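# Observations on chain architecture
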Amino acid sequence: MTDGTDFARRTHYVPAIRIAHESLLSDLPTPKISDLARSRGPEGASDYLAGLNTEQRLAVETTEGPVLVLAGAGTGKTKVLTTRLAHILKLGKARPWELLVVTFTNKAAREMRERITHLIGPSAEGLRWLGTFHSVAAQILRRHAELVGLKSSFTILDTDDQERLLKQLLEAANIDTKRWTPKSLANLIDHWKNRGWTPEKLPTTEDFANGKGQTLYAAYQARLATLNACDFGDLLLHNLTILSKHADIAQEYRDRFRYILVDEYQDTNVAQYLWLRLLTSSTGNVCCVGDDDQSIYGWRGAEVDNILRFEKDFPGAKIVKLERNYRSTNHILGAASGLIASNRDRLGKTLWTEDMTGDKVRVRGVWDGEAESRLIADEIETARRQGQKYKDMAVLVRASFQMRAFEERFVMLAIPYTVIGGPRFFERAEIRDAHAYLRLIQSEDDDLAFERIVNVPKRGIGDTSVQKILQIARHDGVSAMAAVRDLITSDELQARTRTALSTFVRDLDRWRALATDTRHWDLTETILEESGYTDMQKADRVTGQTRLDNLKELVQAMQSFETLQAYLEHVSLVMDLDKGAGDDAVQIMTLHGAKGLEFPLVFLPGWEEGVFPSQRSIDEKGEKGLEEERRLAYVGVTRAKSDARISFAANRQVYGRWTSQLPSRFVDELPIAHVEAESDTGYYGASGGMKEAKSRWDDAPSFGSGYSSPGWKRAQSFTAAQTPRSAQARHAVIEGDGRLVATADPKAGANWKCGERVFHQKFGYGNVQSIEGNKLLVDFEKAGEKRVIDSFVEKAG
DNA sequence: TACTTACGGCTTTTT
DNA sequence: GCCGTAAGTA
């Protein structure tokens, strides 16, 4: 595989920036966009440019050569992108299928398509190459699959399949799957793929399970090939292999894609970057739009570096900065800007707005998570009474586990809401079971699907038999189904198992025959019925009904796809149902899910240390992780058009245990001029009948009397300094009966020694490997090496 | 083979 | 606190 730099050297970018006014006047209508001209009336043609400001217009009209548009939050980024597309089409510079338009998320792709359709009409359907990186890469890979040892009918594995497969490999290699979990290997391999490393190219510094990393990775890839499958990372990685090894194919695509547009460029990873380089032709007509302050996918391998380096990568690049914000009021912008200013790694932009109306950002501290959901529900009701629509309000959380509290409260008060994201529909067990049946019918080779449902519902084919089948299949180099067909004619299995298997095979064959002349959703229903799956669920009084409902929803969803194949492809790439946000309902979603959206009223709950910023993020990535969390906070605040309301609770149940929480450091970073803090005297003050509660409150450092109070500030400085007291407050674990079961060592900060044996509440016993300030690298007996803060561990005698 | 109990991980975030 | 998996038992 060529790496990007080589490619750059071989390529000549033509920095010809032609500002397109003349072209506009010369008016070159193409039939493809005639709808546009018609719908815009006689003045028509340039109407769509009229609503743009100078910078936006420059970004739209600089069609030739590389362009980087640095678009701050709310500066009309999508408008620029879509208008630019329309403009290119209008000038007749390219036809819809000659444009490559990639986004990062499905939602962004969907929205982009909608907005372009709105702008240019039905010809937008010709935009065949508009989609996420992964979906476009999948399209390309299907055309050339044989070049990387796959059939074009390859399946795309999801994380669950991946982990099962890796688990088998780890067990085969006699590796302790508790110490070295399939999940961590899956993440690691994904990370490698995101960097564009095939097993052969894996740097020697990368490893897993003491020197077995590369071997495992290679074995995994080999296994995928025999299964005619690939994972998400492979979609891009195989593309890189194909495009760099086959110059003719690469050239074909470079000729095809006359213009490339990339949304959310700050979120691209190395593999995606290399992919873009391979597809960019010598004209260098590539336009990347992004905002370094909104890079929030570092954990997926995103390299902010890509955007910071753009000018070097694409010589002659023109850079356009969009800094005028059309979305939010001055206070919201001020609060967000003040927050993000604490980050060091940024290109630096200054957003401004003319909207000086509106309230300051409101910050509220409450007693516990329940009080928080009560408060927000009340404020929603109040806003509603004042004429706001539910759908104009959103609750944006850091992690999906925070959603439940709001759902419960909203149900109780009959506030309509939609959860976007959260537990994924297609990842539910029953849905995956149904898919496994369909996959097995579609392709006998799908061993993973076979394993999943061969004994679901119970058919009397136990684990021992399944293992035997798989062993024989692997030995003979055939699929599990082929092995089964053989085995039922032999004496190798018990008669009972044999009968069960032959019934299973007969059923599958019958369904497969049925598939040719039955609509796929009817087929699904038949299978679920005849396999006994429905009955199995009916027998389950606890979850059966919900699961059956989900299956009904599945059958429904299938109806909007032409073929079973198309449906399965969609499922593996999108992993979720498109929920129509048409109803008037409050939107509950994660901050990641909210990127690119805007709402008049935004609630930002859970601004507490450990929750937001997420403890894990800080533990794993340190300062970098923290900066990413801060960007996430920035994204959150900038979603608000007129009102942003931040809240934090002093106590929260985590894993079913009560823990006391400190307000997020981000709360203190908000510039006071744009913030209005309210303390809830009912909880903070001396009055109020919450005796037990109050005593618990007293366990935590006092910061409750108001935003600017010394107490609050002090609480923050405790956090920053990691003094024993803050550590104690953060990690005091109170059992349901109020008993204090564990606190951090009050002698924290004491001198640690390398090799010393320590105990950690979560990770157990381990030995100190190295010490950096208050951070210890500990090799835990069960959990492996972890970086922990010293106040979290105790000396273990 | 199937049912029961014990235990550990989980809560980042998405394709 | 809940879920799924692993180990133990009939």
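Rules and cut-offs
Positions within a chain are numbered from 1, following the residues in the order the chain's sequence is written. Chain letters and ligand numbers both follow the written order, the letters beginning at A and the numbers at 1. It should be noted that, the model being predicted, local features are given only for residues of pLDDT at least 70 and side-chain atom pairs only at 80 or more, the latter also being counted only at that level, while totals for whole chains, interfaces and linings use all residues. Hydrogens are left out, water is left out, and the side-chain values use all remaining heavy atoms of the structure. UniProt positions are given in the numbering used here, feature names are shortened, and annotations may be inferred rather than shown by experiment. We call a set of buried Ala, Val, Leu, Ile, Met, Phe, Trp, Tyr and Cys residues a nonpolar core when their side-chain atoms join them within 4.5 Å. Burial classification: accessible surface area is computed with a 1.4 Å probe over protein chains only, and a residue below 20% of its type maximum counts as buried, one above 50% as exposed, and the rest as partly exposed. A helix here means a DSSP run of H or I that spans at least four residues, while a strand means a run of E at least two residues long, and both kinds are numbered starting from the N terminus. Throughout, a residue-residue contact means that at least one pair of heavy atoms, one from each residue, lies within 4.5 Å. When the sulfur atoms of two cysteines come within 2.5 Å, that pair is taken as a disulfide. One heavy atom within 4 Å of a molecule or strand makes the whole residue count as near it. By the criterion applied in these results, polar contacts are pairs of N or O atoms within 3.5 Å in which, for protein atoms, one can donate a hydrogen and the other can accept it, and in which residues neighboring in sequence qualify only through two side-chain atoms. Classes in brief: Ala, Val, Leu, Ile, Met, Phe, Trp, Tyr, Cys and Pro nonpolar; Asp, Glu, Lys and Arg charged; the others, Gly included, polar. Pairs were defined over the aromatic rings of Phe, Tyr and Trp, the Trp ring being its six-membered one, requiring ring centres within 6.5 Å. Orientation was assigned from the angle between planes: stacked under 30 degrees, edge-to-face over 60, tilted for the rest. Put simply, a charge is over a ring when the Lys NZ or the Arg CZ is close to the ring centre, within 6 Å, and near the line of the ring normal, within 35 degrees. In this analysis, axes come from line fits to C-alpha atoms, helices being fitted only over the stretch in contact, and the angle between any two N-to-C directions falls in the range 0 to 180 degrees. Roughly parallel means an angle under 35 degrees; roughly antiparallel, over 145; roughly perpendicular, 65 to 115; everything else is oblique. Think of it this way: DSSP has to see at least two bridges between two strands before they count as a pair. Per-residue confidence from the predictor is reported as pLDDT, which spans 0 to 100. A clockwise turn of the near helix away from the far one marks a right-handed crossing, whereas an anticlockwise turn of less than a right angle marks a left-handed crossing.

Chain A is annotated in an unreviewed UniProt entry as DNA 3'-5' helicase of Brevundimonas goettingensis. The UniProt entry for chain A carries this comment under Sequence similarities (unreviewed entry): "Belongs to the helicase family. UvrD subfamily." What UniProt records for chain A under Function (unreviewed entry) is the sentence "Has both ATPase and helicase activities. Unwinds DNA duplexes with 3' to 5' polarity with respect to the bound strand and initiates unwinding most effectively when a single-stranded region is present. Involved in the post-incision events of nucleotide excision repair and methyl-directed mismatch repair."

We now examine the nonpolar core. Counting residues in each nonpolar core, the largest one holds 110 residues, and the members touching the most others are Leu100, Leu235, Tyr265, Trp275 and Trp607. In terms of residue count, helix α14 (residues 270-279) provides more of this core than any other element does, 8 residues in total. For Leu100, the residues in contact, after removing those within four places along its chain, are Trp129, Val136, Phe257, Tyr259, Ile260, Leu261, Trp275 and Leu279. In terms of nonpolar packing, the next biggest core, distinct from the first, is built from 45 residues, Val454, Val505, Leu508 and Tyr533 among them.

Further remarks concern the state of the cysteines. Here the structure, examined in full by the defined rule, presents 0 disulfides. The thiol sulfur of Cys287 is not disulfide-bonded, and the nearest other cysteine sulfur, from Cys288, lies at 6.8 Å. Since its relative accessible area comes to 1%, Cys287 is described here as buried. On the basis of relative accessibility, which here comes to 0%, the residue Cys288 falls in the buried class.

Surrounding DNA strand B, one finds 27 residues, the nearest of these being Arg300, Arg398, Ser400, Gly462 and Arg616. Expressed as a percentage, the sugar and phosphate content of the atoms of DNA strand B within 4 Å of the protein is 51%. His134 is positioned such that a nitrogen or oxygen atom in its side chain is 3.4 Å from a sugar or linking oxygen of DNA strand B. Contact between DNA strand B and Trp299: a base oxygen at 3.1 Å from a side-chain N or O atom of the residue. Listing elements by their share of the surface near DNA strand B, those giving two or more residues are α22 (463-476) and α30 (615-638). Class assignment of the residues belonging to the surface near DNA strand B gives a composition of 9 nonpolar, 12 polar and 6 charged.

Moving on, we get to the packing of aromatic side chains. Using the criterion set out here, one finds 19 aromatic pairs in the structure. For the pair Trp129 and Phe257, a centre-to-centre distance of 5.4 Å together with 75° between the ring planes defines the contact as edge-to-face. Of this pair, Trp129 sits in the loop between α7 (106-120) and β3 (130-132) while Phe257 sits in the loop between α13 (247-256) and β6 (259-262), placing them 128 residues apart in sequence. Judged by its relative accessible area of 0%, Trp129 falls in the buried class. On the basis of an interplanar angle of 55° and a centroid distance of 6.0 Å, the ring pair of Phe410 and Tyr417 is categorised as tilted. Among the residues examined, Tyr417 registers a relative accessible area of 25% and is labelled partly exposed. Above the face of the Phe154 ring, Arg142 is positioned so that its terminal group lies 4.0 Å from the ring centre.

With that out of the way, let us pick up the packing of helix α20 (residues 429-442) against helix α25 (residues 520-530). Describing two packed helices takes the angle between their axes plus the distance from one axis to the other. Taken N-terminus to C-terminus, the directions of α20 and α25 make an angle of 110°; their axes are 10 Å apart at the nearest point. Taken together, the axes of α20 and α25 are roughly perpendicular relative to one another. Every residue of α25 that contacts α20 at Ala434, Tyr437, Leu438 and Ile441 is listed here: Leu523, Thr524, Ile527 and Leu528. Here the contact of α20 with α25 is composed, by residue class, of 7 nonpolar, 1 polar and no charged.

The sheet built from 6 strands is open, its strands ordered β3-β2-β6-β7-β1-β8 with parallel pairing. Single-partner strands in this sheet number two, and they are β3 and β8 (318-322). On average, each strand axis in the sheet is inclined to that of its neighbour by 15°, with strand direction left out of account. Set on the sheet, helix α5 (residues 54-61) makes contact with β1 (67-71) and β8; between it and β8 the angle comes to about 145°. Its contacts with the sheet place α7 against β2 (99-103) and β3, and it is angled at close to 165° to β3.

Moving on, we come to the environment of Val366. Within the secondary structure layout, Val366 lies in strand β9 (residues 361-368). In this structure, the C-alpha to C-alpha distance between Val366 and Leu170, residues 196 residues apart in sequence, is 47 Å.

Taken together, Lys167, Tyr655 and Gly656 are the residues near DNA strand C. A share of 55% of the atoms of DNA strand C within 4 Å of the protein falls on sugar and phosphate groups. For DNA strand C, a phosphate oxygen lies 2.5 Å from a polar atom in the side chain of Lys167.

In the predicted model, chain A carries a mean pLDDT of 79, and 80% of its residues have values of at least 70. Confidence over residues 1-44 falls short of pLDDT 50; this stretch has 83 contacts with residues more than four positions distant or in other chains. Note that pLDDT drops below 50 for residues 681-750; the model gives that stretch 114 contacts with residues more than four away or on any other chain.

Moving on: helix α28 (residues 564-574). Residues that lie three or four places apart on an α-helix share one face, since the helix turns once every 3.6 residues. By the burial criterion, the buried members of α28 are Leu564, Tyr567, Leu568, Val571, Ser572, Leu573 and Val574. Met575 sits one or two residues past α28 and shows a positive phi near 60°.

Glancing now at the packing of α25 against helix α27 (residues 544-558). Packing of α25 against α27 brings their axes to within 8 Å, and their N-to-C directions diverge by 155°. Classified by the interaxial angle, the pair formed by α25 and α27 is roughly antiparallel. When you trace α25 past α27, the crossing you get is right-handed. Two secondary-structure elements touch here, α25 through His520, Trp521, Thr524, Glu525 and Leu528 and α27 through Leu551, Leu554, Val555 and Met558. By residue class, the composition of the contact of α25 with α27 is 6 nonpolar, 2 polar and 1 charged.

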